[in-house]
Amino acid sequence: MEIAKNTVVTLDYKVTDPDGNVIDDGQHPLVYLHGGYDGIFTVIEEALHGKNSGDSLKVKLQPEDAFGEYDEELVLVEDATLFPDNIEVGMSFERVGEDGEDEMVYRITDIADGKVVVDGNHPLAGTALVFDITVKSVRAASAEEIGHGHVHGEGGHHH
């Protein structure tokens, strides 16, 4: 079956940076609903359209097509008294902006001298990504999957 709108696609994949460093070894197949449901990066979805089970391809995503450019303004230095005593580098938390903007996830990247450095950038922001993809299987989506906009069952969403 050919990948088209409203098909469920299962991919074997590996993600590296442009230097070949492994970002995601693809230990578990990626399963998504094809056709603009935001289950996969748009550039990859477009490259997969019309492919068949067994097809392989390599897709390079620039930062703006993946997790965005790195934004220095999302790195903040806060007073440690604003945080619980048990914080550690690598912890994440959600923060709502003062003007009611959407919540953002920040990671603690440094703790020193009574200050905490938090970073609202995705850990892969500013990084180009190379996807090595093999189409493992393609099937027609169920009416329920189409209605919900995501895959159900193995590798997908469970209600």
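First, a word on what this report is: a plain description of the structure on this page. (Residues numbered from 1 in each chain as written. Predicted model: local features only at pLDDT ≥ 70, side-chain atom pairs only at ≥ 80, totals over all residues. Heavy atoms only, no water.)

## Considerations on the pairing of strand β1 (residues 7-16)
Among the 10 residues that make up β1, 8 are buried, leaving the element largely enclosed by the rest of the structure. Sheet analysis places β1 next to strand β3 (residues 30-33), joined by 4 bridges and oriented antiparallel. Bridging from a neighbouring strand, Val9 pairs with Tyr32 of β3. Examined bridge by bridge, β1 and strand β2 (residues 22-24) share 2 bridges and lie antiparallel to one another. Along β2, the bridge assignment pairs Val15 with Asp24. Between the antiparallel neighbours β1 and β2 lie 5 residues, among them Gly20 with a positive phi of about 90°. (Buried < 20%, exposed > 50% of the residue type's maximum accessible area, 1.4 Å probe, protein only. Helix = DSSP H or I, 4+ residues; strand = E, 2+ residues; numbered from the N terminus. Pairing = 2+ DSSP bridges.)

## Quick word on the packing of aromatic side chains
Evaluated as defined, the whole model comprises 4 aromatic pairs. Residues Phe41 and Phe67 carry aromatic rings whose centres are separated by 5.3 Å and whose planes lie at 85° to one another, so their mutual orientation is edge-to-face. Placement of Phe41 in the loop between β3 and α1 (42-48) and of Phe67 in the loop between β4 (56-61) and β5 (75-79) is noted, with a sequence separation of 26 residues between them. A relative accessible area of 31% places Phe67 in the partly exposed class. An aromatic cluster of three or more residues is present, and its members are Phe41, Phe67 and Phe131. (Phe/Tyr/Trp six-rings, centres within 6.5 Å; stacked < 30°, edge-to-face > 60°.)

## Some remarks on the pattern of salt bridges
If you walk through the whole model with that rule in mind, you get 4 salt bridges. Here Arg139 makes a salt bridge to Glu145, at a shortest N to O gap of 2.8 Å. Assessed through its relative accessible area of 36%, Arg139 is described here as partly exposed. (Salt bridge = Lys/Arg side-chain N within 4 Å of Asp/Glu carboxyl O.)

## Some words on the side chain of Glu145
Mapped onto the fold, Glu145 is located in helix α2 (residues 143-148). Ignoring anything within four residues of it in the chain, the contact list for Glu145 reads Val8, Leu33, Arg139, His150, Val151 and His152. (Contact = heavy atoms within 4.5 Å.)

## Points about the nonpolar core
With 19 residues, the main nonpolar core has Leu11, Ile44, Leu48 and Ile133 as its most contacted residues. The leading source of residues in this core is strand β9 (residues 129-140), at 5 residues. Beyond its immediate stretch of four places on either side in the chain, Ile44 contacts Val59, Leu61, Phe131 and Ile133. (Core = buried A, V, L, I, M, F, W, Y, C linked by side-chain atoms within 4.5 Å.)

## What about the environment of Lys14?
Here Lys14 shows up in strand β1. Judged by relative accessible area, which is 35%, Lys14 ranks as partly exposed. Through-space distance from the C-alpha of Lys14 to that of Thr134 is 9.3 Å; in sequence the pair is 120 residues apart.

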